[in-house]
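Summary of the model geometry
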Protein chains: 4
Amino acid sequence: MANRTLNVGVIGCGRIGHIHAENLATRIPGARLAATADPAINAAKKVATQHHVGKAVADYHELLADPAIEAVAVCSSTDTHAQIIQEAAAAGKHIFCEKPIDYDLARIRAALAVVEKAQVKLQIGFNRRFDPSFAKVRELVAAGAVGQPHVIRITSRDPAPPPLDYIKVSGGIFLDMTIHDFDMVRFLSGSEAEEIYAIGDALVDPAIRDAGDVDTAIVTMRLKNGALATIDNSRQAIYGYDQRIEVFGSKGSASAGNRTPDAHLLTDAAGVHAAKPLHFFLERYAEAYVIEMRAFVDAVLHDQAPPATGLDGLQPVIMGLAATRSLREGRPVKLSEITATGTGHS
Amino acid sequence: MANRTLNVGVIGCGRIGHIHAENLATRIPGARLAATADPAINAAKKVATQHHVGKAVADYHELLADPAIEAVAVCSSTDTHAQIIQEAAAAGKHIFCEKPIDYDLARIRAALAVVEKAQVKLQIGFNRRFDPSFAKVRELVAAGAVGQPHVIRITSRDPAPPPLDYIKVSGGIFLDMTIHDFDMVRFLSGSEAEEIYAIGDALVDPAIRDAGDVDTAIVTMRLKNGALATIDNSRQAIYGYDQRIEVFGSKGSASAGNRTPDAHLLTDAAGVHAAKPLHFFLERYAEAYVIEMRAFVDAVLHDQAPPATGLDGLQPVIMGLAATRSLREGRPVKLSEITATGTGHS
Amino acid sequence: MANRTLNVGVIGCGRIGHIHAENLATRIPGARLAATADPAINAAKKVATQHHVGKAVADYHELLADPAIEAVAVCSSTDTHAQIIQEAAAAGKHIFCEKPIDYDLARIRAALAVVEKAQVKLQIGFNRRFDPSFAKVRELVAAGAVGQPHVIRITSRDPAPPPLDYIKVSGGIFLDMTIHDFDMVRFLSGSEAEEIYAIGDALVDPAIRDAGDVDTAIVTMRLKNGALATIDNSRQAIYGYDQRIEVFGSKGSASAGNRTPDAHLLTDAAGVHAAKPLHFFLERYAEAYVIEMRAFVDAVLHDQAPPATGLDGLQPVIMGLAATRSLREGRPVKLSEITATGTGHS
Amino acid sequence: MANRTLNVGVIGCGRIGHIHAENLATRIPGARLAATADPAINAAKKVATQHHVGKAVADYHELLADPAIEAVAVCSSTDTHAQIIQEAAAAGKHIFCEKPIDYDLARIRAALAVVEKAQVKLQIGFNRRFDPSFAKVRELVAAGAVGQPHVIRITSRDPAPPPLDYIKVSGGIFLDMTIHDFDMVRFLSGSEAEEIYAIGDALVDPAIRDAGDVDTAIVTMRLKNGALATIDNSRQAIYGYDQRIEVFGSKGSASAGNRTPDAHLLTDAAGVHAAKPLHFFLERYAEAYVIEMRAFVDAVLHDQAPPATGLDGLQPVIMGLAATRSLREGRPVKLSEITATGTGHS
């Protein structure tokens, strides 16, 4: 089994679909890019041509109907994820799906139920788990190097806000941006949040406030294992993408800082100067995208549990909904308040 | 005026009194250690002898009555600070007082009123403001290098908890330990807190919980200038004293990490290894204690405002009381709730 | 012209040929991997199949005879380089050739003469010039950020010695290993060496001494622009590949350290621990191999001078011969002594 | 014995004498500053007054004649060192002497012979040995953490050249500046140099060439234990005092970088910016001066060998003379060539 090749179709050929297609075609041992799909057929064709792939279609149902395709990478827009997951699972395809599955708990649960029933693999694209620095910190925590975790600290800042039109439909900062950090808290701590409190404001751009969102936020939470966590977010770090984590515990602290494009130092009369962090997620997580896809392909080929499951897709959405409600209501919100309501929409 | 010498008496010859006495005797241009006082007369005498000082008394009133002594450094136990400040001010002495002034807002205000009336200088011993790294960050923020501050992050961890008997009378972690971080938030941001939320637990030692306190905490707050802040505390970092700050704003980020006893690196088959942070405040802030006393002496000699005033002594206590109430009641607490009650005790 | 695709054949499908083939096939805009050649035909076929290339041959002359192939990447064994360069140039192919061209000055000069006459591009594979950290240092030096260069310092250590059989035919450490550092001195300084002095010994493995070579060396030199340089080499750094440079000048210092596989830090009771450097050149210079091939393809497509020319291939060999003679004779050796002898062999 | 106090007189009250006097008066347990001497009597008096010392004289012979004074710190000009050492030893005083003892080997040997006969302690002021970073590296090397040393690398640069008048009588860069680095090579390696080669030029200031000296140099050497060493020097690093060392060996590498006045980082649109190194030796080695004097006082009080002996004072002078001859004659020079000549002057 380890020697056979997994035929993977990519659904959605935008920026992230392009990355996964290229990785599947060139950097994932055991995988073959077998087909591409995109309603914008030219996008699908362009990726296919570039990687010597014969099949490029507008309608992803053609991929699902093709018995030669054993797995799909769902890189389409978020509002289509839950639907495609259900259809792909029903068609017996293994699924790699970009995050988030959906913002509606009921739709997520329905999709996961179909996956469960079809007994296919589902891996959610929480790429940061595969960043070598963050993975190393998790490995150290899991190995007991910091003892019992007491405090999780995450700083997560984007270089610039997305377009306002995007923000309006994004579900808000906690579901759009912090969701990665919520996953990281779970990943690093190996525990679940119990109660969340959030403060935030539009300090970068007042238009974001007018759109009903914030661009700067601090989230704190209590975890079930007793640890406390704090996340600080900004939509705009003028110096680039700022992604730092720390797990502090009874035996020490494991942390990971930013990566830089180079390791130069200039020392002159004004001081010591070094490079800024890698500019954004495409640069910072380029390696993580390769590693996560290798992990998915390995999980399918060796019939193992994927390293980021459907449950891992569900929980950060619950956390995002709790943070959203906390900010709105100015009080700490228990996750049980969210899960009790069914959809998470208050 | 700049060429004259200020005669300073030290009241309280314990650990911190010893440090200030030695600095006054040997490292503060323009100052002279003129006398020492301690109810344990041998402690007073030991310090005096060591630094060639003729006057060592058990009762500090003798210092206040001595016209040759122009200023006092109050290093006695916290419960005596407010009383000594009032008496020293009434006696016309300039006052350097260790933090905190008191835990009772009414007593602090009464003391400050006497100082105000007497027109003497009062500087509170917020030594961290004078740490070269933190002072540099403040300088950068004040110069606009990070633009408008958006997020303040402080990590503050002690190497080990104090004795349980101390914890029982300490006023709780927020008044005993976080108070320095509250001052740092004010110092770095140049703004005041509006609302505070705190979570915490006894993760280091359950006996601390039994004593009614926590040993691990995260505090978040909204500031009047719009910035958000987060502080994480632990009573026990197994690797030593961990003191880090960051001010993130519209134009960048200014931060300061720990200092180490040396700058060695060992690279071997297992990795790259460096020294731990300086162990505790005596090592980390040795230089800061000298600089703060120089600042006090300069303020008196040049009739300038001290860099850490009575108000600076008052505000962190209000913040500590708000955090204490927040933890107890599980909700964000506005500082106006505390100041409205008069004493701060709910 | 910028939009057309350059058809490149790879000659020699060993480790480094494999890397260039993969990069040409997947990461070099404007290039197409058109054919592979290797006397071990299976090696050629394996690479071709992997990258959807139709042509794989045992005899590279077939590539040189193919009018569809416009450029070749020469990745065969060193003793074949000069010969293939001459034949490829005569066939009108542009040439990317792994370093070194040869160890014999006369043969190098003969090859370069053919290239010159054929007016084809020749780029030598001094990959380190394209390492982002080293390239940044060069850029800073060229921009005047360090002023007039005074001292160049290079540390260059391998994780482990090559097999003894390899060492015996390697030409010695200065031609096999230091040659990269000699190129770096020229690249960083923008100047040429005038006189070289070398000391060395077999401290890692006495069998290397028996083979007539050393495994540890320090080389110093005077450059024509007045700067001084020092290189220290070891065949065995137990912690991995150690590649550091510094250019110190009248206005400051530009340096570049090692890169690590991740950016984690573990702080525990024993100290602060970080990752070792990337293990060896395949990891450290993975990105540099892509960038150098892009540069070659761009140079051909835009008819520009390649960034590492035939002269750049010649000079480090002269320097290596001078260092070899210096070590043998225990005295500083002028480069003019080497070039005067014709072949460089004393 | 450990509880008694050593009475120390300071001879020479210039910059360095001032430092030692202040340290003896305030920071050296077990020591008492008992007297000061300086031909400029006001300098002696100023220091004495500042530290409550009763005795300040113009002629140091008065100190040597005073039976209450048990030890002297010789901080006078270099040309007086050998003479004072002889007289002090003859008077039975223990001696701390600033480096170098002298530039003439015969005079050094004569002085050491008197010390040997008088059985007094002599410690030479190689302050860098007591720098916590360098001491830690030595400790690691001595403990075998890097295995057998193979390469020693030292970078040593001053912020600015001394006055030209000083340079003219300084003995040249190798005796005036590199001498510290020669000591460091011996200290770090635990071995002696066998052969030295030096290159150098006046790149900072042509007037230094006119004065017969160089301002930029690289020295390499073979040590008796087989290790190789390289030192690079500059009289002018525009960014301040640059003092870095590395010992590379069979099991790894121990190194030490510069210290900075603070640990701030500013990250903005242009990059990451940190503080320059501490400006010069007074700042960088402030702590080392205290530690070396403690070591001297402890050695006397506990009748132990001082950590920097007369031999340690002699050997770097021999190395400096060898480097000087190497530069002049353009060839490697064995130390045995220098010692054979008696005075070291060729």
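Check the entry above for the structure.
Our subject in this report is the structure included herewith. Remember, it's a predicted structure, so these values are computed and weren't measured experimentally. (Residues numbered from 1 in each chain as written. Chains lettered and ligands numbered in written order. Predicted model: local features only at pLDDT ≥ 70, side-chain atom pairs only at ≥ 80, totals over all residues. Heavy atoms only, no water.)

**Considering the overall build of chain A**
Looking only at helices and strands, chain A has 14 helices and 15 strands in total. Here the C-alpha atoms of chain A give a radius of gyration of 20 Å, agreeing with the 20 Å that 2.2 N^0.38 yields for 346 residues. Over its C-alpha atoms, taken along the principal directions, chain A stretches across nearly 55 × 55 × 45 Å. In chain A, which comprises 346 residues, the proportion classed as buried is 61%. Contacts in chain A between residues at least 24 apart in sequence constitute 70% of all its contacts with a sequence separation of at least 6. (Helix = DSSP H or I, 4+ residues; strand = E, 2+ residues; numbered from the N terminus. Rg over C-alpha atoms; globule rule 2.2 N^0.38 Å. Buried < 20%, exposed > 50% of the residue type's maximum accessible area, 1.4 Å probe, protein only. Contact = heavy atoms within 4.5 Å.)

**Here's the deal with the environment of Pro277 of chain B**
Residue and element names in this part refer to chain B. Following the sequence through the fold, Pro277 ends up in the loop between strand 14 (271-274) and helix 11 (281-284). Taking the relative accessible area as the measure of exposure, Pro277 reaches 10% and is therefore buried. Pro277 sits 251 residues away from Thr26 along the chain, and the two C-alpha atoms are 27 Å apart. The residues touching Pro277, leaving out its near neighbours within four places in the chain, are Tyr239, Tyr241, Asn258, Arg259, Thr260 and Pro261.

**Some words on the relation of the copies chain A and chain C**
Superposition of the two copies of the chain requires a rotation about an axis together with a shift along that axis. Superposing chain A onto chain C requires a rotation of 180° together with a translation of 0.0 Å along the rotation axis, leaving an RMSD of 0.0 Å. Considering both components of the superposition, the chain copies are consistent with a two-fold axis. Looking at the rotation axis and the C-alpha trace of chain A, the residue lying nearest is Thr26 of chain A, at 3.4 Å. A share of 100% of interface residues in chain A that are also interface residues in chain C marks the association as one of identical surfaces. (Least-squares fit on C-alpha atoms with pLDDT ≥ 70 in both.)

**Concerning the relation of the copies chain C and chain D**
Rotating chain C by 180° and moving it 0.0 Å along the rotation axis overlays it on chain D with an RMSD of 0.0 Å. Looking at the interface residues of chain C, 100% of them are also at the interface in chain D, so both copies use one shared face.

**Comments concerning the interface of chain C and chain D**
How big an interface is tends to be stated in terms of the accessible area lost upon association of its parts. On the side of chain D, 40 residues touch chain C, which itself brings 40 residues to the contact. When chain C packs against chain D, close to 3100 Å² is buried across both sides, 62% of that on carbon and sulfur atoms. The largest contributions to the chain C side of the interface with chain D come from Arg153, Leu228 and Phe248 of chain C, which together make up 18% of the buried area. Inspection of the region where chain C meets chain D yields six salt bridges. Taking the shortest distance from any N to any O, the salt bridge between Arg157 of chain C and Glu246 of chain D comes out at 2.8 Å. Listing elements by their share of the side of chain C that touches chain D, those giving two or more residues are strand 7 (149-157), strand 8 (193-201), strand 9 (216-223), strand 10 (228-234), strand 11 (242-249) and strand 12 (252-256) of chain C. If you tally residues by element for the side of chain C that touches chain D, the top one is strand 9 of chain C, at six residues. Residues of the side of chain C that touches chain D, tallied by class, amount to 17 nonpolar, 13 polar and ten charged. (Buried area = accessible area lost by both parts, 1.4 Å probe. Salt bridge = Lys/Arg side-chain N within 4 Å of Asp/Glu carboxyl O. Nonpolar A, V, L, I, M, F, W, Y, C, P; charged D, E, K, R; others polar.)

**Things to note about helix 9 (residues 178-189) of chain C**
Residues and elements named next belong to chain C. Here helix 9 contains twelve residues, and its C-alpha end-to-end distance of 16 Å stays within 8% of the 16 Å for a straight helix at 1.5 Å per residue. Here helix 9 lies mainly inside the structure; twelve of its twelve residues are buried. For helix 9, the complete set of buried residues consists of Thr178, Ile179, His180, Asp181, Phe182, Asp183, Met184, Val185, Arg186, Phe187, Leu188 and Ser189. Just downstream of helix 9, Gly190 is the residue with a positive phi angle, here 65°. (Expected span 1.5 Å × (residues − 1).)

**Considering the interface of chain A and chain C**
Each partner contributes to the interface: chain A provides 30 residues, whereas chain C provides 30 residues. Between chain A and chain C lies a buried interface of about 2100 Å² when both sides are counted; carbon and sulfur atoms form 50% of it. Viewed at the interface, chain C and chain A are joined by twelve residue pairs in polar contact (both at pLDDT 80 or more). At the level of secondary structure, the elements contributing two or more residues to the side of chain A that touches chain C comprise helix 1 (15-26), helix 6 (132-142), strand 12 (252-256) and strand 13 (264-268) of chain A. Each residue belonging to the side of chain A that touches chain C can be placed in one class, and the counts come to twelve nonpolar, eleven polar and seven charged. (Polar contact = N/O pair within 3.5 Å; in protein donor to acceptor, adjacent residues only side chain to side chain.)

**Describing the pattern of salt bridges**
A full pass over the atoms with the stated rule returns 100 salt bridges over all chains. For Arg209 of chain C, the salt bridge is made with Asp201 of chain C, and the minimal N-O distance between the two is 2.9 Å. One salt bridge in this structure joins Arg244 of chain C and Asp242 of chain C, with 2.8 Å as the shortest N-O distance. A single salt-bridge network, built from bridges that share partners, covers Arg153 and Glu246 of chain A together with Arg157, Asp232, Asp242 and Arg244 of chain B.

**Comments concerning the sheet that holds strand 2 (residues 31-37) of chain D**
All names here are of chain D. Judged by pairing direction, the sheet is parallel, and its six strands sit side by side in the order 3-2-1-4-5-6 without closing on themselves. Whereas interior strands pair on both sides, the edge strands pair on one side only; in this sheet they are strand 3 (55-57) and strand 6 (122-124). Pairwise comparison of adjacent strand axes, ignoring direction, gives a mean angle of 25° for this sheet. The sheet contact formed by strand 5 (residues 94-97) and strand 6 spans three bridges and is parallel. By the bridge assignment for strand 6, Cys97 is matched with Ile124. The strands touched by helix 2 (residues 41-50) are strand 2 and strand 3; relative to strand 3, the strand with the most contacts, the crossing angle is about 165°. (Pairing = 2+ DSSP bridges. Axes fitted to C-alpha atoms, helices over the stretch in contact; angles between N-to-C directions.)

**Topic: the pairing of strand 9 of chain C**
Residues and elements named next belong to chain C. Of all the eight residues making up strand 9, seven are buried; the element is thus mostly covered by neighbouring parts of the structure. As defined by bridge partners, strand 8 adjoins strand 9 across eight bridges and the pair is classed as antiparallel. Along strand 9, the bridge assignment pairs Ala193 with Leu223. Counted along the chain from strand 9 to the antiparallel partner strand 10, the turn is four residues long, and its residue Gly226 has a positive phi close to 95°.

**As for the sheet that holds strand 3 (residues 55-57) of chain B**
All names here are of chain B. One open sheet holds the six strands; their spatial order is 3-2-1-4-5-6, and the pairing between them is parallel. This sheet does not close on itself; its edge strands, each paired only once, are strand 3 and strand 6 (122-124). Across the sheet, the mean angle separating the axes of adjacent strands is 25° when strand polarity is ignored. Sheet topology places strand 2 (residues 31-37) next to strand 3; three bridges connect them, and they run parallel. Bridge pairing in strand 3 links Ala35 to Lys55.

This is a description of form; function is not addressed.
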